[in-house]
Protein chains: 2
Amino acid sequence: MIQLDEADRTILVLLQQDDRQTYVQIGAQVGLSPATVHDRVRKLERRGALMGYQARVSPRAVGLPVTAFISLNLDGGQSCRSVTPTLEAFPEIEECHSVAGDTDLLLKVRVPSTEALEELNYRLKCLEGVVRTQSLIILSTRFEDRPRIPAPLGREEHV
Amino acid sequence: MIQLDEADRTILVLLQQDDRQTYVQIGAQVGLSPATVHDRVRKLERRGALMGYQARVSPRAVGLPVTAFISLNLDGGQSCRSVTPTLEAFPEIEECHSVAGDTDLLLKVRVPSTEALEELNYRLKCLEGVVRTQSLIILSTRFEDRPRIPAPLGREEHV
DNA sequence: CTTGAAATAATATCGGG
DNA sequence: CCCGATATTATTTCAAG
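- Labelled according to an unreviewed UniProt entry, chain A appears under the name AsnC family transcriptional regulator, originating from Deinococcus malanensis.

As structure tokens, this is what we get:
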């Protein structure tokens, strides 16, 4: 785990809310000069706490209004290993998690239509090692893309 | 649906990959001047295609190594409406979707430990209108935070 | 680790094609 | 809608406390 002081945490919170904030503005909040903020940001990047900067694009706006979660059951073979790179090649798959439970993989997907979801589902079923799929369609998203770090974040668990 | 030409799409793709790219760099890719790129970006923001800019923060780095999906069953009462704002007040809930199927709401959550997940689960069960919860723990994340717009994005479906 | 100041590079604005 | 030029701001570097 990366050690972060309070200033680092605040910087992360501010940047994940809006990374277009200037180092001057951020510096004012944390009580540091812009140069120091710059320095800390570079360090956070190198240490892996800051993994990138991305614009949030409305899925609706770009023609991907349908969101769904798809559960995948895999056979026991070594295809379990090889299936991840294959899935990564599907642009409609936004997330891919390995889970504990009834299924093996959980995917979050974005598609233009329910017809496209059906089509995607079919293509997944055809993959080597996939024995079953199950789709869960999102009716509406109440919220997502929320900051991951709650502002204060209670003190660390001692492991 | 927002109408986007090819340049707009390219701009969105580039910005969602890395929104620190300069308008000079983007302009070179799409064959437009920096001033024009600037202009288009502002328009994309106003039209709602660009919803914000956020730094991606490593959940591990900030002490939230455990990810889970929690399904919620609600009673039929009007508490269905009031539960969303309540959930939004939970900082550990990153996403909240209304789904079609066995359950009513699907949450994506980040917590410091499995103990914290247990605690969260308990707090959710106690909420007015929640009759059942079910947790699905993520063992490992193969990928997430992927761009939502695949580079070319096949031609529009005609509805 | 921090800073102010200087050098560099970006964004924002605007008149006009 | 697009551009070039200008003005304004921000980032980046650096020598030094």
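**Digging into the protein's contact with DNA strand D**
Right, on to step 1. Taken together, A:Thr22, A:Tyr23, A:Ala35, A:His38, A:Arg42, B:Leu32, B:Ser33, B:Ala35, B:Thr36, B:Arg40 and B:Lys43 form the complete shell of residues around DNA strand D.
Right, on to step 2. For DNA strand D, the fraction of atoms within 4 Å of the protein that belong to sugar or phosphate moieties is 84%.
Right, on to step 3. At a separation of 2.7 Å, a phosphate oxygen of DNA strand D approaches a polar side-chain atom of A:Arg42.
Right, on to step 4. Here a phosphate oxygen of DNA strand D and a backbone polar atom of B:Ser33 are 3.1 Å apart.
Right, on to step 5. Elements represented by at least two residues in the surface near DNA strand D include exactly helix H3 (34-47) of chain A together with helix H3 (34-47) of chain B.
Right, on to step 6. Counting residues per element, the surface near DNA strand D draws most heavily on H3(B), which supplies four residues.

**Examining unusual backbone geometry**
Right, on to step 1. At A:Asp145, a position not held by glycine, the phi torsion is positive, near 60 degrees.
Right, on to step 2. With respect to the helices, strands and loops of the structure, A:Asp145 is situated in the segment after strand E5 (130-143).

**Re the environment of A:Ser33**
Right, on to step 1. Note that A:Ser33 resides in the loop between helix H2 (23-30) and H3.
Right, on to step 2. Engagement of the side chain of A:Ser33 in a polar contact is seen with the side chain of A:Thr36, the distance being 2.9 Å.

**Structural notes on the relation of the copies chain B and chain A**
Right, on to step 1. For the pair chain B and chain A, the best superposition has an RMSD of 0.0 Å and corresponds to a rotation of 180 degrees with a translation of 0.0 Å parallel to the axis. Expressed as a symmetry operation, the mapping of one chain copy onto the other fits a two-fold axis. If distances are taken from each C-alpha of chain B to the rotation axis, the shortest is found for B:Gln54, at 2.8 Å.
Right, on to step 2. A share of 100% of the interface residues of chain B reappears at the interface of chain A, consistent with the copies meeting face to face through the same patch.

**Description of the protein's contact with DNA strand C**
Right, on to step 1. The immediate surroundings of DNA strand C are formed by A:Leu32, A:Ser33, A:Ala35, A:Thr36, A:Asp39, A:Arg40, A:Lys43, B:Thr22, B:Tyr23, B:Ala35, B:His38 and B:Arg42.
Right, on to step 2. Counting only the atoms of DNA strand C that lie within 4 Å of the protein, the sugar and phosphate share comes to 84%.
Right, on to step 3. In this structure, a phosphate oxygen belonging to DNA strand C sits 2.5 Å away from a side-chain N or O atom of A:Thr36.
Right, on to step 4. Taking A:Arg40, its side chain carries an N or O atom lying 2.8 Å from a phosphate oxygen of DNA strand C.
Right, on to step 5. Elements that contribute at least two residues to the surface near DNA strand C include exactly H3 of chain A together with H3 of chain B.
Right, on to step 6. Here the surface near DNA strand C is built from residues that sort into four nonpolar, four polar and four charged.

**Overview of the sheet that holds strand E4 (residues 105-111) of chain A**
Right, on to step 1. With antiparallel pairing, the eight strands of this closed barrel are ordered in space as E2(A)-E4(A)-E3(A)-E5(B)-E2(B)-E4(B)-E3(B)-E5(A). Each strand axis lies, on average, 35 degrees off the axis of its neighbour in the sheet, ignoring direction.
Right, on to step 2. Relative to strand E4 (residues 105-111) of chain B, strand E2 (residues 66-74) of chain B runs antiparallel, the two being bridged by seven bridges. When the sheet's bridge partners are listed, B:Ile70 is paired in E4(B) with B:Leu107.
Right, on to step 3. Helix H4 (residues 79-88) of chain A rests against strand E2 (66-74), strand E3 (93-99), E4 and E5 of chain A together with strand E5 (130-143) of chain B of the sheet, and its axis sits at about 90 degrees to E5(B).
Right, on to step 4. Sheet strands in contact with helix H4 (residues 79-88) of chain B are E5 of chain A together with E2, strand E3 (93-99), E4 and E5 of chain B, and its direction is about 90 degrees off that of E5(A).

Criteria and cut-off values
Residues numbered from 1 in each chain as written. Chains lettered and ligands numbered in written order. Predicted model: local features only at pLDDT ≥ 70, side-chain atom pairs only at ≥ 80, totals over all residues. Heavy atoms only, no water. Near = heavy atom within 4 Å. Polar contact = N/O pair within 3.5 Å; in protein donor to acceptor, adjacent residues only side chain to side chain. Helix = DSSP H or I, 4+ residues; strand = E, 2+ residues; numbered from the N terminus. Least-squares fit on C-alpha atoms with pLDDT ≥ 70 in both. Contact = heavy atoms within 4.5 Å. Nonpolar A, V, L, I, M, F, W, Y, C, P; charged D, E, K, R; others polar. Pairing = 2+ DSSP bridges. Axes fitted to C-alpha atoms, helices over the stretch in contact; angles between N-to-C directions.

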